[in-house]
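Below, each chain spelled out in residue letters.
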Amino acid sequence: MLSRIVRPTLTAARNFSTSQQNNYKVTVCGAAGGIGQPLSLLLKLNPLVTELNCYDIAPFTPGVACDLSHIETASKVKGFDFQPHKRRLAGAQINIADIDFLILNSGMTRDDLFGSNASVVKTIFECASVACPDAIFCIITNPVNSCVPIACEVLKKANKLNPRRVFGVSTLDIVRANTFVGEMCGVNPKEVNVPVIGGHSGITIVPLFSRATPKVTIPADKLDALTKRVQEAGTEVVKAKAGHGSATLSMAYSGARFANNVMRALMGEPDVIECAYVMADVTDVDYFASPVKLGKCGIEQNCGVGDINEYETKLLCDALEQLKRDIQKGVDFANQDQKCKGAPE
Ligand SMILES: NC(=O)c1ccc[n+]([C@@H]2O[C@H](COP(=O)([O-])OP(=O)(O)OC[C@H]3O[C@@H](n4cnc5c(N)ncnc54)[C@H](O)[C@@H]3O)[C@@H](O)[C@H]2O)c1
Ligand SMILES: O=C(O)C[C@H](O)C(=O)O
């Protein structure tokens, strides 16, 4: 069982063979938002990204792109605002034709999350299924557990689904688990790898401390609290920001880490393994977060659940019940006939 989760090392990427593709065109949807801006910044700093398209409905999006374009890295940056009166031009306005990566973090945080965000995801994937069906899709938009099924259903309807290339980004759960374990055990969090399986919300988040590397011993009386802290870490940030949004900076880091590792694998680097929420047949549910081995075409192998202990098995059972409902909600939404808000005419 492969358990190494590769870190994003921009310097390592820089040293990598030039005979492989190292010129990825990336579009960030939601680029003007709390996550979108720092994520776009990190992508602008990534030497593997040669073209960065910042797309958002916010009218100042071209300004965000202009700001980024002054940074002294070689990539070209363009900004696209996508106002309602232009929606007819969807694919062209988003500028997703011929791109390699579409990173989707457009949408609201917790208020009215499902209704509005589900529509955004559906709309963008209707465009993507025409404009860039072969891109790598990274979905950050919440609720991830339902948004990934929506995206896959839309692509499936258009006969363009390649499940190896559609990812729900659950990296922040791993990043948090690594950090909290590092703090608790006195280990540099950079050296810690805790696989996190299941989904990305509450009890669907199942950290596997028994499989942490390096091996750590979590005192029995602290295990519940540590597990809950990882599961509720999003709420911890929401409360701490006191009405000013949810996690943005740690999420931007996590999104950039994930995208960088996918790019490294696409370039042919071996043994790149990341946890991600993907279409899978490794449990009773159709979408599941687990370690996946990445390769030149996207997911090469789903490593599945692997060995887990009794405590984690109980967590997983609870997670699967909730995941089933979340997934069904997404599938049902995608298959509703009604035209969604903001869909291209
Ligand atoms: N996967 C994760 O681990 C994780 C972590 C944190 C946040 N999130 C989610 O990421 C999403 C974004 O969070 P944020 O804090 O950046 O929110 P935000 O409100 O700051 O930014 C969202 C951006 O999306 C834009 N937008 C809305 N509709 C759009 C559309 N149709 N097309 C293009 N852009 C559109 C908005 O104008 C805004 O700039 C939320 O759904 C949030 O819950 C996920
Ligand atoms: O929890 C949230 O609302 C945002 C995000 O999913 C997070 O994990 O921080």
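The name recorded for the protein in an unreviewed UniProt entry is Malate dehydrogenase, mitochondrial, from Acanthoscelides obtectus. According to the UniProt record, the Sequence similarities (unreviewed entry) comment for the protein is "Belongs to the LDH/MDH superfamily. MDH type 1 family." Taken verbatim from the UniProt record of the protein, the Subunit (unreviewed entry) comment is "Homodimer."

Right, let's get into the side chain of arginine 264. Inspection of the secondary structure assignment puts arginine 264 in helix H10 (residues 249–266). A distance of 2.6 Å separates the side chain of arginine 264 from the side chain of glutamate 269, its partner in a polar contact.

Moving on: the packing of aromatic side chains. What the rule picks out here adds up to 5 aromatic pairs. Relative to phenylalanine 333, the ring of phenylalanine 114 lies with its centre 5.6 Å away and its plane at 85°, an arrangement referred to as edge-to-face. Placement of the pair is phenylalanine 114 in helix H5 (residues 113–131) and phenylalanine 333 in helix H11 (residues 310–335), with a sequence separation of 219 residues. By relative accessible area, which is 11% here, phenylalanine 333 ends up buried. Centre to centre, the rings of tyrosine 277 and tyrosine 287 are 6.4 Å apart; their planes meet at 35°, and the pair counts as tilted. Highlighted residues: tyrosine 277 in strand S9 (residues 272–279) and tyrosine 287 in strand S10 (residues 287–295), separated in sequence by 10 residues. Tyrosine 287 carries the same exposure label as tyrosine 277, and that label is buried. Its end group placed over the ring of phenylalanine 180, arginine 229 keeps NZ or CZ at 3.7 Å from the ring centre. Over the face of the ring belonging to phenylalanine 114 we find lysine 329, whose NZ or CZ atom lies 4.5 Å from the ring centre.

Overall, the coordinates contain 8 salt bridges when judged by the stated rule. Here glutamate 183 makes a salt bridge to arginine 229, at a shortest N to O gap of 3.5 Å. One end of the pair, glutamate 183, is in helix H7 (residues 171–185); the other, arginine 229, is in helix H8 (residues 220–231), and 46 residues separate them in sequence. When its relative accessible area of 54% is taken as the criterion, glutamate 183 is described as exposed. Its relative accessible area of 31% is what places arginine 229 among the partly exposed residues. Between glutamate 236 and arginine 229 there is a salt bridge, with its nearest N and O atoms 3.0 Å apart. Sharing partners across several salt bridges, the network here consists of Glu183, Arg229 and Glu236.

Reading the values: the criteria
Residues numbered from 1 in each chain as written. Chains lettered and ligands numbered in written order. Predicted model: local features only at pLDDT ≥ 70, side-chain atom pairs only at ≥ 80, totals over all residues. Heavy atoms only, no water. UniProt positions renumbered as here; feature names shortened; annotations may be inferred. Helix = DSSP H or I, 4+ residues; strand = E, 2+ residues; numbered from the N terminus. Polar contact = N/O pair within 3.5 Å; in protein donor to acceptor, adjacent residues only side chain to side chain. Phe/Tyr/Trp six-rings, centres within 6.5 Å; stacked < 30°, edge-to-face > 60°. Buried < 20%, exposed > 50% of the residue type's maximum accessible area, 1.4 Å probe, protein only. Lys NZ or Arg CZ within 6 Å of the ring centre and 35° of its normal. Salt bridge = Lys/Arg side-chain N within 4 Å of Asp/Glu carboxyl O.

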